[in-house]
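Each chain, written out:
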Amino acid sequence: MKTLDARGLSCPEPVVLLRNAMAAGEQAYQILVDNPASRENVTRYAEHQGYHVTCTEQDGEYTLSIVK
Amino acid sequence: METEVKLTKLAACAGCGAKVGAGTLVRMLEGFETHQDPRLIVGYDKSDDASVYAISDTVALVQTTDFFPPIVDDPFLYGQIAAANAMSDVYAMGAEPKLALNIMCIPERMEAATVQEILRGGYAKAYEAGAIITGGHTIHGAEPIYGLAVSGFVHPKAVLKNCGARPGDALILTKPLGVGILTTAAKADLVEQPVLERVWRQMATLNKTARDIMVRYPVHSCTDVTGFALLGHSFEMAQGSGCSIHIRTSQVPFHAEAYPLAEMGLIPAGAYRNRDYAARGVAAGAGVSRAMQDILYDPQTSGGLLMALPEDQAQACLDELREQIPQAAIIGSVTERLEQWIYLDE
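Procedures and definitions
Residues numbered from 1 in each chain as written. Chains lettered and ligands numbered in written order. Predicted model: local features only at pLDDT ≥ 70, side-chain atom pairs only at ≥ 80, totals over all residues. Heavy atoms only, no water. Core = buried A, V, L, I, M, F, W, Y, C linked by side-chain atoms within 4.5 Å. Buried < 20%, exposed > 50% of the residue type's maximum accessible area, 1.4 Å probe, protein only. Domains from an automatic or database assignment. Salt bridge = Lys/Arg side-chain N within 4 Å of Asp/Glu carboxyl O. Helix = DSSP H or I, 4+ residues; strand = E, 2+ residues; numbered from the N terminus. UniProt positions renumbered as here; feature names shortened; annotations may be inferred. Contact = heavy atoms within 4.5 Å. Nonpolar A, V, L, I, M, F, W, Y, C, P; charged D, E, K, R; others polar. Pairing = 2+ DSSP bridges. Polar contact = N/O pair within 3.5 Å; in protein donor to acceptor, adjacent residues only side chain to side chain. Expected span 1.5 Å × (residues − 1). Arc of directions from axis to C-beta.

Student: Any chance you could explain the nonpolar core here in plain terms?
Tutor: In a soluble, globular protein the nonpolar side chains are often hidden away together inside. Within the largest apolar cluster, 107 residues are counted, with the highest numbers of intra-cluster contacts made by Leu18(A) and Ile66(A). Two domains share this core, each providing at least three of its residues, namely domain 1 (7–158) and domain 2 (169–345) of chain B. Grouped together as the second largest cluster of nonpolar side chains are 20 residues, Ala92(B), Val219(B), Met307(B) and Ile330(B) included.

Student: Hey, could you run me through the pattern of salt bridges in this one?
Tutor: Side chains that carry opposite charge are capable of pairing whenever their charged atoms lie near each other. Applying the stated criterion to the full structure yields 14 salt bridges over all chains. The salt bridge involving Arg7(A) is made with Asp5(A); its shortest N-O contact spans 2.9 Å. By relative accessible area, Asp5(A) is classed as partly exposed at 42%. As a salt-bridge pair, Arg120(B) and Glu117(B) come within 2.8 Å of each other at their nearest N and O atoms. Within this pair, Arg120(B) and its partner Glu117(B) are both found in helix α3 (residues 112–129), separated by 3 residues, close to a single helical turn. Of the residues examined, Glu117(B) reaches a relative accessible area of 25% and is grouped as partly exposed. What you see here is one network of salt bridges that share partners, running through Arg39(A), Glu40(A), Arg44(A), Arg275(B), Arg290(B) and Asp294(B).

Student: Would you explain the UniProt feature "domain: UPF0033" (unreviewed entry) in chain A in this entry?
Tutor: With numbering matched to this structure, UniProt assigns "domain: UPF0033" (unreviewed entry) to residues 2–68 of chain A. Helix makes up 36% of residues 2–68 of chain A and strand 36%, and the two end C-alpha atoms of the span are 13 Å apart.

Student: Can you help me understand the interface of chain B and chain A in this one?
Tutor: Note: interface size is frequently given as the accessible area lost on complex formation between the parts. Contacts between chain B and chain A engage 16 residues on the former and 12 residues on the latter. Across the contact surface, chain B and chain A share 2 salt bridges. Residue Asp294(B) pairs with Arg44(A) through a salt bridge whose shortest N-O separation is 2.4 Å. For the side of chain B that touches chain A, the secondary structure elements donating two or more residues are α4 (179–187), α8 (258–263), α9 (269–278) and α10 (290–296) of chain B. Its residues assigned to classes, the side of chain B that touches chain A comprises 10 nonpolar, 2 polar and 4 charged.

Student: Where do I start with the pairing of strand β12 (residues 329–336) of chain B in this structure?
Tutor: A regular strand places its side chains so that they alternate between the two faces of the sheet. Residues and elements named next belong to chain B. β12 sits mainly inside the fold: 6 of its 8 residues count as buried. Alignment of strand β7 (residues 169–173) against β12, held across 4 bridges, turns out to be antiparallel. Paired with Ala170 across the strands is Ser333, a residue of β12. Looking at chain direction, strand β9 (residues 243–248) and β12 are connected through 5 bridges and run antiparallel. What sits directly across from Ser244, in β12, is Thr335.

Student: Before we go on, may I ask you to explain the domain arrangement of chain B in this structure?
Tutor: All names here are of chain B. Entries for chain B in the domain assignment read domain 1 (7–158) and domain 2 (169–345). Averaged C-alpha coordinates put domain 1 and domain 2 at centres separated by 20 Å. In this complex, domain 1 contributes 36 residues to the contact, which on the side of domain 2 involves 30 residues. Counting every contact that joins domain 1 to domain 2 gives 0 salt bridges. Summed over the shared surface of domain 1 and domain 2, the number is 6 residue pairs in polar contact (both at pLDDT 80 or more). Partitioning the side of domain 1 that touches domain 2 into residue classes produces 19 nonpolar, 10 polar and 7 charged.

Student: I would appreciate a short explanation of the environment of Ile71(B) in the present structure.
Tutor: Within the secondary structure, Ile71(B) sits in the loop between β3 (60–68) and α2 (75–92). Assessed through its relative accessible area of 7%, Ile71(B) is described here as buried.

Student: Could you clarify how one ought to interpret α3(B) in this entry?
Tutor: Helical periodicity: at 3.6 residues per turn, an α-helix aligns residues three or four positions apart in one direction. Residues and elements named next belong to chain B. The first and last C-alpha atoms of α3 sit 26 Å apart over 18 residues, in line with the 26 Å expected at 1.5 Å per residue. Within the span of α3, buried status applies to Thr114, Val115, Ile118, Gly121, Gly122, Lys125, Ala126 and Ala129. Buried residues along α3 cover an arc of 130° about the axis, so they all sit on one side. Every exposed residue of α3 that faces more than 90 degrees away from the buried side is listed here: Ala112, Gln116 and Tyr127. Those residues of α3 hidden inside the fold are in contact with α2, β4 (96–106), β5 (132–140), β6 (145–154) and α6 (208–214). Positive phi appears at Gly130, one or two residues downstream of α3, with a value of about 80°.

Following this line, the structure appears as structure tokens:
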């Protein structure tokens, strides 16, 4: 699993980060974001690419687990 | 046109996407003491586009300001878009802009030539609008900001508020949506150059033509669609008018390229703020897709006019608009107040 830290980034940067990582062809990712818009956008991008997404929140930060 | 300066890289938010959420603003303004003045035709109590003050029985002063960080890298284009956007609020009131002041913030490291190009863009648009920029104020800051404070004039009886829509009105929108999604996706290099150039041209287009045609018809209400998106501004129009608004989403003009990008999650944060603000008043039909809703919540920079006028006049007005603005469309209607403020149908 590849872990990506997108905290402090604003849209569309978290999506771009994930997109670039997916280009390398991993099967599973974990991405950290710190705002609801990034959480939504990353989730939608991953689902659009055929991945399954689960999200956990702690102290306003979100951990998105993304698997095929 | 390519330039050395990547202006958009200097800004965290793009264009009207930087706007503070409508709900946040309403809460912050609560409880402030203000003077009552019978000459004040439009104040901030109705969340309208500009303030309007009657100077005499035949002349009212319209005042507004708008500014934002760079939405494009070309400084001349940025200046034009910021100025067109600032003057749009005046057109939305049915008025004509006459005087303007620059509002500018520049990072100390920004080259003088870039600053001059931004200003040249503003002056070019003001000239096209028939308005005069007479000065302004510039400060140093971390992010570039440019816009105008604009004064215009209108007959006090011809002021078009965002709260005058009536049951039986049709709604016309004059510019296609999707600008926020496309400029966000452009930051990820996911938009083709010809598409971007189309969007840039649209943002730099004054709402002057739309206004000049609109004032020849018995329009009841008008607003410009900007940072709060079609649904945020429709929500304000519905609430202010005490009516419900029905939008036929299949009739809403938008840039087709924005749809697949919305599906991919290339959505500006401002669209989520707009959803948080307006969704409680919106009933979306089952056939209205998530991506379509994203486009309706998408913050627009220098968007078009949304006008409400009697249904039997709407087609004639639209026909005239379309001679010069082919994308203009009738997108819905106004009814008496129903359970929800806004209904979205296919």
